[in-house]
Amino acid sequence: MTAPELLNETLVTPPAARRGVPGLRLFSMTSGLQRATLVLGLALVGVFVVAALFAPLIAPYGFAQSAADGVDFVRQQAPSAEHWFGTSVRGEDVFSRVIYGARTAVWVITISLLLSLLIGVPLGLLSGYVGRWPDRLLVLFMDAMYAFPTLLLAIVVSIVVAGGRSTSLGGVLSAAVAITAVFVPQYFRVVRNATVAVKQEPYVDAARVTGASTTRILFRHILANVTQSLPVIITLNGSEAILTLAGLGFLGFGIEPTQAAEWGFDLNKALPDVSNGIWWTGIFPGVAIVLVVLGMTLVGESLNEVLNPVLRTRRAAAVAGPDGGGKDATDA
């Protein structure tokens with residue numbers, strides 16, 4: 001299930017855990033293949049994060065370095081003891097660029113998700129609670145953005161933000177803002193639909209009767225009850241952000257190679273190498289993208305199966321069998 005498919009899911013607040021570490025409790029709720037996919041996903045994401053955090057210590061060279069000790073690297077050199085993943089057409093160490101590319105991806109994912117949450121969640125709360133013409137205007141605008149082709153929207157926003165220049169900070173920021181424009185409608189729709197469903201609940205009416213302000217009602221009484229599915233969407237959007245960033249870089253709207261390492265740009269520059277039998281300049285950045293997206297998707301799908309009450313009910317019914325062959329509730 002992808003993030004857009006979660007937008008129309010009925011949100012039911014799962015029972016809150018009273019004791020124990022939340023992460024360990026979620027892990028204990030999994031079993032079999034589901035636990036294996038969660039562990040595999042966490043392992044892939046963990047390697048990705050470690051590579052991003054310790055890139056200067058792991059990478060033997062800089063992401064744009066093409067010489068050492070006054071000697072230029074051999075261009076398009078095959079993998080060797082000196083260059084584990086070979087060198088690119090510009091003479092850069094491919095392994096170093098793959099490692100530093102993880103750092104760029106983490107920055108873009110973090111900034112884009114934070115901006116999306118800071119914009120989409122408050123707007124969704126306000127729209128769902130207030131209603132009337134502000135709700136209609138916001139829904140119309142967000143639906144129009146949501147219907148716009150994702151990559152095309154990211155390209156347009158990237159051009160507007162970057163202004164034709166791609167510095168280290170500007171390139172990361174423009175890519176993050178471009179991806180934010182894609183994600184904000186998703187968070188808005190999830191939070192807005194959930195707010196509409198819970199704003200007539202007794203605890204909200206009680207807060208309103210006691211004279212609580214709209215801001216207090218939204219962020220103190222409603223917010224915690226409408227964000228239960230956001231962890232799943234955040235995880236799935238992380239993988240989508242990787243693909244969008246790679247798409248921008250591949251099409252030439254990403255970050256300049258001298259400013260930061262970016263996997264999509266490296267794939268674009270590796271295209272002419274394929275016909276010449278030079279496989280290492282494209283295979284390693286491509287594998288990095290595949291593994292990171294796979295890891296985040298596995299984590300997101302596993303969390304969805306654990307946190308989504310509908311899926312939990314279906315799974316319990318499947319285990320019990322058509323005749324309810326499981327343990328009878330009266331015997332529990």
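Keep in mind the model is a prediction, meaning the values are calculated, not measured.

K.L.:
Can you explain the side chain of Thr87? Please cite residues and give values.
P.N.:
Along the chain, Thr87 turns up in the loop between strand E2 (71–72) and helix H4 (94–130). Looking at Thr87, its side chain comes within polar contact range of the main-chain nitrogen of Gln77, at 2.6 Å. If we skip the residues at most four places from it in the chain, Thr87 touches Phe73, Val74, Arg75, Gln76, Gln77, Glu92, Val94, Trp280 and Thr281.

K.L.:
So what about H4? Which residues, and what values?
P.N.:
Helix length check: H4, at 37 residues, gives a terminal C-alpha distance of 53 Å against a target of 54 Å (1.5 Å per residue), a fit within 8%. Note on H4: the residue one or two positions beyond its end, Gly131, has a positive phi of about 70 degrees.

K.L.:
Report on helix H10 (residues 230–250), specifying residues and quantitative values.
P.N.:
The first and last C-alpha atoms of H10 sit 29 Å apart over 21 residues, in line with the 30 Å expected at 1.5 Å per residue. Within H10, 17 of the 21 residues are buried, which leaves it mostly tucked inside the rest of the structure. Directly after H10, the chain includes Gly252, whose backbone phi takes a positive value near 90 degrees.

K.L.:
Kindly report on the packing of aromatic side chains, identifying the contributing residues and their values.
P.N.:
Using the criterion set out here, one finds 8 aromatic pairs in the structure. Arranged with centres 5.6 Å apart and planes meeting at 65 degrees, the rings of Phe63 and Tyr100 form a pair that is edge-to-face. Within this pair, whereas Phe63 is found in the loop between helix H3 (55–58) and strand E1 (67–68), its partner Tyr100 is found in helix H4, the two being separated by 37 residues in sequence. Both rings, one in Trp84 and one in Phe95, keep their centres 5.2 Å apart while their planes meet at 55 degrees; by these two values the pair is tilted. Here the residue Trp84 occupies a position in the loop between E2 and H4, and Phe95 occupies one in helix H4, the gap between them amounting to 11 residues. Here a set of aromatic residues connected by ring pairs shows up, and it is made of Trp84, Phe85, Phe95, Trp279, Trp280 and Phe284. If you follow Arg189 out to its NZ or CZ, it ends over the ring of Tyr146, 4.3 Å from the centre.

K.L.:
Can you tell me about the packing of H4 against helix H5 (residues 132–147), naming the residues and giving the values?
P.N.:
Any two packed helices are characterised by how steeply their axes cross, that is the angle between the axes, and by the distance between the axes. Taken N-terminus to C-terminus, the directions of H4 and H5 make an angle of 135 degrees; their axes are 7 Å apart at the nearest point. When the axis of H4 is compared with that of H5, the two are oblique. Seen along the crossing, H4 lies across H5 with a hand that is left-handed. Along the contact surface, H4 presents Leu123, Ser127, Gly128 and Val130, while H5 presents Arg132, Pro134, Asp135, Leu138, Val139 and Met142. Partitioning the contact of H4 with H5 into residue classes produces 6 nonpolar, 2 polar and 2 charged.

K.L.:
An account of the pattern of salt bridges is requested, with residue identities and associated values reported.
P.N.:
A complete count under the given rule lists 6 salt bridges for this structure. Between Arg90 and Glu92 there is a salt bridge, and its shortest N-O distance comes to 2.6 Å. Using a relative accessible area of 5% as the deciding quantity, one classes Glu92 as buried. Among the salt bridges present, the one from Arg97 reaches Asp266, with a minimum N-O distance of 3.0 Å.

K.L.:
A description of the environment of Leu126 should follow, citing residues and the corresponding values.
P.N.:
Within the fold, Leu126 resides in helix H4. C-alpha of Leu126 to C-alpha of Leu138: the two residues are 12 residues apart in sequence and 9.7 Å apart in space.

K.L.:
Can you break down the packing of helix H8 (residues 202–209) against helix H9 (residues 214–226) residue by residue, with the values?
P.N.:
Two elements in contact, H8 and H9, have axes whose closest approach is 11 Å; the angle formed by their N-to-C orientations is 175 degrees. With respect to H9, the element H8 is oriented roughly antiparallel. Every residue of H9 that contacts H8 at Tyr203, Val204, Ala207 and Arg208 is listed here: Ile217, His221, Ile222 and Asn225. For the contact of H8 with H9, the per-class residue count stands at 5 nonpolar, 2 polar and 1 charged.

K.L.:
Outline the side chain of His83, listing residues and values.
P.N.:
Relative to the helices and strands, His83 is located in the loop between E2 and H4. Reaching out from His83, the side chain makes a polar contact with the side chain of Asp93 at a distance of 2.9 Å. When neighbours within four sequence positions are excluded, His83 is seen to be in contact with Tyr61, Phe73, Gln77, Ala78 and Asp93.

K.L.:
How would you explain the nonpolar core if you had to name every residue and give the values?
P.N.:
With 62 residues, the main nonpolar core has Phe48, Ile222, Ile242 and Trp263 as its most contacted residues. Looking at this core, the elements that each hand over two or more residues are helix H2 (32–53), H4, helix H6 (150–162), helix H7 (168–198), H8, H9, H10 and helix H12 (280–307). Not counting the four nearest positions on each side in its chain, Trp263 is found in contact with Phe48, Arg97, Val98, Gly101, Ala102, Pro285, Ala288, Ile289 and Val292. The next biggest cluster of nonpolar side chains, apart from the first, holds 5 residues, and it includes Leu38, Val232, Val299 and Leu303.

Definitions and cut-offs
Residues numbered from 1 in each chain as written. Predicted model: local features only at pLDDT ≥ 70, side-chain atom pairs only at ≥ 80, totals over all residues. Heavy atoms only, no water. Helix = DSSP H or I, 4+ residues; strand = E, 2+ residues; numbered from the N terminus. Polar contact = N/O pair within 3.5 Å; in protein donor to acceptor, adjacent residues only side chain to side chain. Contact = heavy atoms within 4.5 Å. Expected span 1.5 Å × (residues − 1). Buried < 20%, exposed > 50% of the residue type's maximum accessible area, 1.4 Å probe, protein only. Phe/Tyr/Trp six-rings, centres within 6.5 Å; stacked < 30°, edge-to-face > 60°. Lys NZ or Arg CZ within 6 Å of the ring centre and 35° of its normal. Axes fitted to C-alpha atoms, helices over the stretch in contact; angles between N-to-C directions. Parallel < 35°, antiparallel > 145°, perpendicular 65-115°, else oblique. Left-handed = near helix turned anticlockwise from the far one by under 90°. Nonpolar A, V, L, I, M, F, W, Y, C, P; charged D, E, K, R; others polar. Salt bridge = Lys/Arg side-chain N within 4 Å of Asp/Glu carboxyl O. Core = buried A, V, L, I, M, F, W, Y, C linked by side-chain atoms within 4.5 Å.

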